[in-house]
Amino acid sequence: MGQIRLGGNPEISVTLRRSARARRLSLRVSQLDGRVTLTLPQAVSEREGLRFLRDKEEWLRGHLAKRQAAVVVGPGARLPVEGVLHEIRPASGRSVVQAEGLLLVPGEPDRMAARLKGWLRSRARDRLSEASDRYAAALGRPYSRLTLRDTRSRWGSCTHDGGLMYSWRLILGHPQVLDYVAAHEVAHLRHMNHSPDFWAEVERLYGDWKAPRRWLRDHGSELHRYRFD
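Cut-offs and rules
Residues numbered from 1 in each chain as written. Predicted model: local features only at pLDDT ≥ 70, side-chain atom pairs only at ≥ 80, totals over all residues. Heavy atoms only, no water. Pairing = 2+ DSSP bridges. Helix = DSSP H or I, 4+ residues; strand = E, 2+ residues; numbered from the N terminus. Axes fitted to C-alpha atoms, helices over the stretch in contact; angles between N-to-C directions. Contact = heavy atoms within 4.5 Å. Core = buried A, V, L, I, M, F, W, Y, C linked by side-chain atoms within 4.5 Å. Buried < 20%, exposed > 50% of the residue type's maximum accessible area, 1.4 Å probe, protein only.

Draft legend 1. Seen up close, the sheet that holds strand E11 (residues 156-158). Strand order in the open sheet formed by 3 strands is E10-E12-E11, with mixed pairing between adjacent strands. Both outer strands of the open sheet, strand E10 (145-149) and E11, are each paired with one neighbouring strand and no more. For this sheet, the mean inter-axis angle between neighbouring strands, taken without regard to orientation, is 15 degrees. Relative to strand E12 (residues 163-167), E11 runs antiparallel, the two sharing 3 bridges. The residue bridging Ser157 from the neighbouring strand is Met165, located in E12. Relative to the sheet, helix H3 (residues 112-139) contacts E10 and E12, its axis offset from that of E10 by approximately 145 degrees. Strands E11 and E12 of the sheet are contacted by helix H4 (residues 175-187), whose axis makes an angle of about 155 degrees with E12.

Next comes the structure, spelled out in structure tokens:
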């Protein structure tokens, strides 16, 4: 249906969406990028939808205010690695060095973000390969390949031919969360669904998966606030 602007300070852009399946008005804020969507059932007028939006404006502004601002990766910024914050500092040498609470990055300042991104992707591949190998061995089924992407809609996926895909940003979060996502995707090698049998398999492989899954739901969007471009 398009977009509207909710005036104020700051101004809020809202996407209007009409759905034949919706039974009531709903207002949603994306956990990934903060986009606001107002969904209208077919029988509800746009005017009524805008009135609903105005009624929810205080809640909406409060929710958006809680979202953390983007962090541009560079000298002096603080970046988590496996759940622990590190301060980025320029350094000499040929490769990134992880010290006590520090990430020492060689090269020109305008190349620091790219160097760090490459270092993080390599580390993520090592951790995710190790976890996937371990869980695939426990499952008794191999995977065909492992790829890394910077996906915003999902943390991992498993294809019908056994390919595993993960977001490299998992390396920013707690190791338990990365491990859970690996177990989740490996379990799909046996169950390509989210049936009770699937969740039982995840529990057999990983253990109690509810805490890391809840962390991703509540805090996963924070891993996307770090800007490397």
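Okay, back to it.
Draft legend 2. Geometry of the nonpolar core. Counting 48 residues, the largest nonpolar core has Leu79, Ile88, Leu116, Leu120, Tyr166 and Val186 as its most contacted members. Put simply, the parts of the chain that give this core at least two residues each are strand E6 (78-81), strand E9 (102-106), H3, E10, E12, H4 and helix H5 (196-206). Ignoring any residue separated from it by four or fewer positions in sequence, one finds Tyr166 in contact with Leu128, Ser132, Leu146, Thr147, Leu148, Arg149, Trp155, Gly156, Val181, Ala182, Glu185 and Val186. Counting residues in each nonpolar core, the second largest holds 15 residues, with Ile4, Leu16, Leu25 and Leu53 among its members.

Draft legend 3. Quick peek at the sheet that holds strand E4 (residues 36-41). Taken together, the 4 strands give an open sheet; going across it, the order is E1-E2-E4-E3, and neighbouring strands pair in mixed fashion. Every other strand in the sheet has two partners, leaving strand E1 (2-6) and strand E3 (26-29) as the edge strands with one partner each. Strand-to-strand twist in this sheet, taken as the mean axis angle between neighbours without regard to direction, amounts to 30 degrees. Note: E1 against strand E2 (residues 12-19), 5 bridges, orientation antiparallel. Bridging from a neighbouring strand, Gly2 pairs with Leu16 of E2. Contacts between helix H1 (residues 46-55) and the sheet are confined to E1, E2, E3 and E4, with E4 contributing the most and set at about 135 degrees to the helix.

Draft legend 4. Structural view of the environment of Glu87. Positionally, Glu87 belongs in strand E7 (residues 84-91). On a C-alpha basis, the gap between Glu87 and Phe52 in space is 44 Å, while along the polypeptide they are 35 residues apart. Leave out the neighbours within four places in its chain, and Glu87 touches Gly76, Ala77, Arg78, Gly101, Leu102 and Leu103.

Draft legend 5. Molecular detail of the pairing of E2. Direction of pairing for E2 relative to E4: parallel, over a ladder of 6 bridges. Within E4, the position partnered with Arg18 by the bridge is Leu40.

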